[in-house]
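If you want the building blocks of each chain, they are given just below.
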Number of protein chains: 2
Amino acid sequence: MSKQVLVIHGGAGTIRTQDMTAEMESAYLKGLEEALLAGYSLLEKGSSAVDAVLAATKSLEDNILFNAGRGSVFAADGAQEMDASIMDGSTLKAGAVSAVRNIRNPVELAYMIMAKSQHVMLNGKGAAEFASLNNIQTESDEYFYSQFRYEQWKQMQESGEMALDHNVVLRGNKKFGTVGAVALDKFGNIAAATSTGGMTNKQFGRVGDSPIIGAGTYANNKTCAISCTGHGEPFIRAVTAYDVSCLMEYKGLSLQEAMDMVVYEKLPKIEGEGGMIGVDALGNAAMVFNSEGMYRGVRNEEKMETAIYK
Amino acid sequence: MSKQVLVIHGGAGTIRTQDMTAEMESAYLKGLEEALLAGYSLLEKGSSAVDAVLAATKSLEDNILFNAGRGSVFAADGAQEMDASIMDGSTLKAGAVSAVRNIRNPVELAYMIMAKSQHVMLNGKGAAEFASLNNIQTESDEYFYSQFRYEQWKQMQESGEMALDHNVVLRGNKKFGTVGAVALDKFGNIAAATSTGGMTNKQFGRVGDSPIIGAGTYANNKTCAISCTGHGEPFIRAVTAYDVSCLMEYKGLSLQEAMDMVVYEKLPKIEGEGGMIGVDALGNAAMVFNSEGMYRGVRNEEKMETAIYK
């Protein structure tokens, strides 16, 4: 029996105590705890790592505080476009979806693509059609609407800026709104999932690293399960999640060593700000980021921890 | 001064002598020679590897025989949706585009995304908007129309099949229509580009490996430049192009050894049929495929070779 573990993140970036009220802080920590509970209770019942990362990521998507699912930011045209992906480390099967609208849980759509289609990645209207055929829950625009996100978008529109941000964006602040989970189940299988609402005021159908297998998400029982959050472009160029796996498989690094090398050494060389969470099949877990903060949490038999700052 | 070299492919799969007329064979070989000439003449003039792979890939896109650009296959809705990507091994900059229509040269749009935007990957209508702002050439549906592709699509529609195919598809035959190029220039820089018209009768906005940095395309002066062609789903799950780079960087394998391991050992384990072309910064070049054939060609100071079968 493996030492089951669940790790989650709710985005990284310039998250500082001085920008945060005590109420906001406790709401974020509560959201992280709920997601840990949603995923870990399944692991305890003997569910798979895939089920656990799915449940934890859905919980974060349903929470309006995090930029994914319900809490997705507004793109330049005022719509919320979402991306997600999931990978099963026991089969190397994967599912990913980009540029979907009005899907309640994009990670569930990614899961259905993995489970029920012959494809890995579906996109846009075609993905919505697949979702509809598979009874994936949709929600009206109102469900995704929050005054807070709307004002954030209006502010970005007026200034002509575009943000990768998680919440209120001040000039010079970078917040990368993404959620994700990685898990090891008692059968020794690992899995990873990632979901995002993208960049506030984003244009041109930009796709970040979240739906890209190898960049934002990767899982392989032989090495690790990784979910990333950060400035998507350098994370794509660095093939970030799979790089951790290769450093473990080909160079013999431990999970922690490989994640440290990618996040502290390799990503900064191409201005890659952000972080990642990871587990391996031995029950090791790590949360590494080179930004000021990362919403994160870990749960295993011994502990449940949530944190925001360094 | 480096030993400049250009390698191209025009797709892989069940390509057999008995399915081919002498006229078709010579038309394909002529198309490959034209693409080699388009790219290599630039290398001889001192242009960059990026310029060379761009020119060679555009030449293949303009040729109606290959499933990319002009020769793109019909998706389920009767439209031609195209994907492409490009990566510069000297800067690790990359550009990618998915699900665009009516763009004459998707690889040029990928290049413009790399050169002129702060993003790596743009998608669908947003990508078209970016293309229009950057004066990327579009063409009417007629330009992309060929009786041959249309009949291929009607045939698939009637049978309810979907094909990853390059040309006439008989049951049990698999042909992966993609084009691509990799090059080393005299300054020691390498680059890779890939472009595709996707699967005949494809549904649900399926995205294959061609626009995925790390899967279909990767370039890094430290290791290699790779362009893949094959069944996109396993190529995404195996993070194929970047895996070659990691085997070279972390395990010390040569370009040929790394490509052989990925194509002959790793991909078949997940039913990954297809192939890839690669160069490294020392001027080594390789073309490896586990399917019956791959349209391919190589040009350096000593030779120009084109081939189809094993």
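These numbers come from a predicted model, not from an experiment.

Examining the overall build of chain A
When you go through chain A residue by residue, the secondary structure sums to nine helices and 14 strands. Relative to a compact globule of 310 residues, whose C-alpha radius of gyration would be 19 Å, chain A shows 17 Å and is just as compact. The burial tally for chain A puts 63% of its 310 residues in the buried class. The long-range share in chain A, meaning contacts at least 24 apart out of those at least 6 apart in sequence, stands at 69%. Total accessible area on chain A is roughly 10700 Å²; 47% of this is exposed by carbon and sulfur atoms. A distance of 2 Å separates the average location of the 28 positive side-chain charges in chain A from that of its 37 negative side-chain charges.

Some points on the pairing of strand β12 (residues 285–289) of chain A
All names here are of chain A. Two elements, strand β11 (residues 274–279) and β12, share five bridges in a ladder whose sense is antiparallel. Bridge pairing in β12 places Met-276 opposite Val-288. Joining the antiparallel neighbours β11 and β12 is a turn of five residues, in which Gly-283 adopts a positive phi near 95°.

Overview of the sheet that holds strand β9 (residues 217–219) of chain B
All names here are of chain B. Read from one edge to the other, the open sheet built from four strands follows the order β9-β10-β11-β12, with strand pairing classed as antiparallel. Looking at the sheet topology across the chains shown, the edges are occupied by β9 and β12 (285–289). On average, each strand axis in the sheet is tilted by 10° relative to the strand beside it, whichever way the strands run. Sheet analysis places strand β10 (residues 225–230) next to strand β11 (residues 274–279), joined by six bridges and oriented antiparallel. Paired with Cys-228 across the two strands is Met-276, which belongs to β11. Helix-sheet contacts for helix α9 (residues 255–269) involve β10, β11 and β12, and the interaxial angle to β12 is about 10°.

Looking at the interface of chain A and chain B
On the chain B side, the residues contacting the 43 residues of chain A number 43 residues. Applying the counting rule to chain A against chain B returns zero salt bridges. Taken together, chain A and chain B are joined by 19 residue pairs in polar contact (both at pLDDT 80 or more). Taken together, the elements giving at least two residues each to the side of chain A that touches chain B come down to β3 (93–100), β4 (121–123), α4 (124–133), β8 (206–207), α7 (232–237) and α8 (240–251) of chain A. Here β4(A) pairs with strand β8 (residues 206–207) of chain B via two bridges, running antiparallel. Along β8(B), the bridge assignment pairs Leu122(A) with Arg206(B).

What to know about the confidence of the model for chain A
All names here are of chain A. Confidence in the prediction for chain A averages 91 pLDDT; 93% of positions are at 70 or higher. Contacts from residues 164–172, a stretch scored under 50 in pLDDT, to residues over four places away or in other chains number 44 contacts. For this predicted complex, the interface score ipTM comes out at 0.93, while the overall pTM is 0.94.

Some points on unusual backbone geometry
Excluding glycine, a negative phi dihedral is what most residues carry, and trans is how most peptide bonds are arranged. We note that Phe204(A) has phi near 65°; this positive angle belongs to a residue other than glycine. Note on placement: Phe204(A) falls in the loop between β7 (190–196) and β8. The class for Phe204(A) is buried, based on a relative accessible area of 14%. Backbone geometry at Leu92(B) places phi at a positive 60°, although glycine is not the residue there. Relative to the elements of secondary structure, Leu92(B) occurs in the loop between β2 (82–88) and β3 (93–100).

Brief notes about the state of the cysteines
Taken as a whole and assessed by the stated rule, the structure comprises zero disulfides over all chains. Not part of a disulfide, Cys228(A) finds its nearest cysteine sulfur in Cys224(A), a span of 9.7 Å.

Examining the environment of Met112(A)
All names here are of chain A. Along the polypeptide, Met-112 turns up in helix α3 (residues 106–116). Residue classification places Met-112 among the buried positions, given a relative accessible area of 13%. Put simply, Met-112 and Val-288 are 176 residues apart on the chain and 29 Å apart in space, counted from C-alpha to C-alpha. When near neighbours in sequence (up to four residues on either side) are disregarded, Met-112 contacts Ser-117, Phe-130, Asn-134 and Ile-136.

Here we look at the sheet that holds β12(A)
The strands making up a sheet associate through hydrogen bonds between their backbones, and the pairing can be parallel or antiparallel. Residue and element names in this part refer to chain A. Across the sheet, four strands lie side by side as β9-β10-β11-β12; this open sheet has antiparallel pairing. This sheet does not close on itself; its edge strands, each paired only once, are β9 (217–219) and β12. Mean inter-strand twist for the sheet, computed between neighbouring axes without regard to direction, equals 10°. The strands touched by helix α9 (residues 255–269) are β10 (225–230), β11 and β12; relative to β12, the strand with the most contacts, the crossing angle is about 10°.

Considering α3(A)
Owing to its 3.6 residues per turn, the α-helix brings residues three or four apart onto one side. Here α3(A) has its buried residues at Pro106(A), Val107(A), Leu109(A), Ala110(A), Met112(A), Ile113(A) and Met114(A). Considering only its buried residues, α3(A) is in contact with α2 (49–62), β2 (82–88), β3, β4, α4 and β7 of chain A.

Rules and cut-offs
Residues numbered from 1 in each chain as written. Chains lettered and ligands numbered in written order. Predicted model: local features only at pLDDT ≥ 70, side-chain atom pairs only at ≥ 80, totals over all residues. Heavy atoms only, no water. Helix = DSSP H or I, 4+ residues; strand = E, 2+ residues; numbered from the N terminus. Rg over C-alpha atoms; globule rule 2.2 N^0.38 Å. Buried < 20%, exposed > 50% of the residue type's maximum accessible area, 1.4 Å probe, protein only. Contact = heavy atoms within 4.5 Å. Areas by Shrake-Rupley, 256 points an atom, 1.4 Å probe, with all protein chains shown as cover. Lys, Arg positive; Asp, Glu negative; His and termini not counted. Charge placed at Lys NZ, Arg CZ, Asp CG, Glu CD. Pairing = 2+ DSSP bridges. Axes fitted to C-alpha atoms, helices over the stretch in contact; angles between N-to-C directions. Salt bridge = Lys/Arg side-chain N within 4 Å of Asp/Glu carboxyl O. Polar contact = N/O pair within 3.5 Å; in protein donor to acceptor, adjacent residues only side chain to side chain. pLDDT = per-residue confidence, 0-100. Disulfide = S-S within 2.5 Å.

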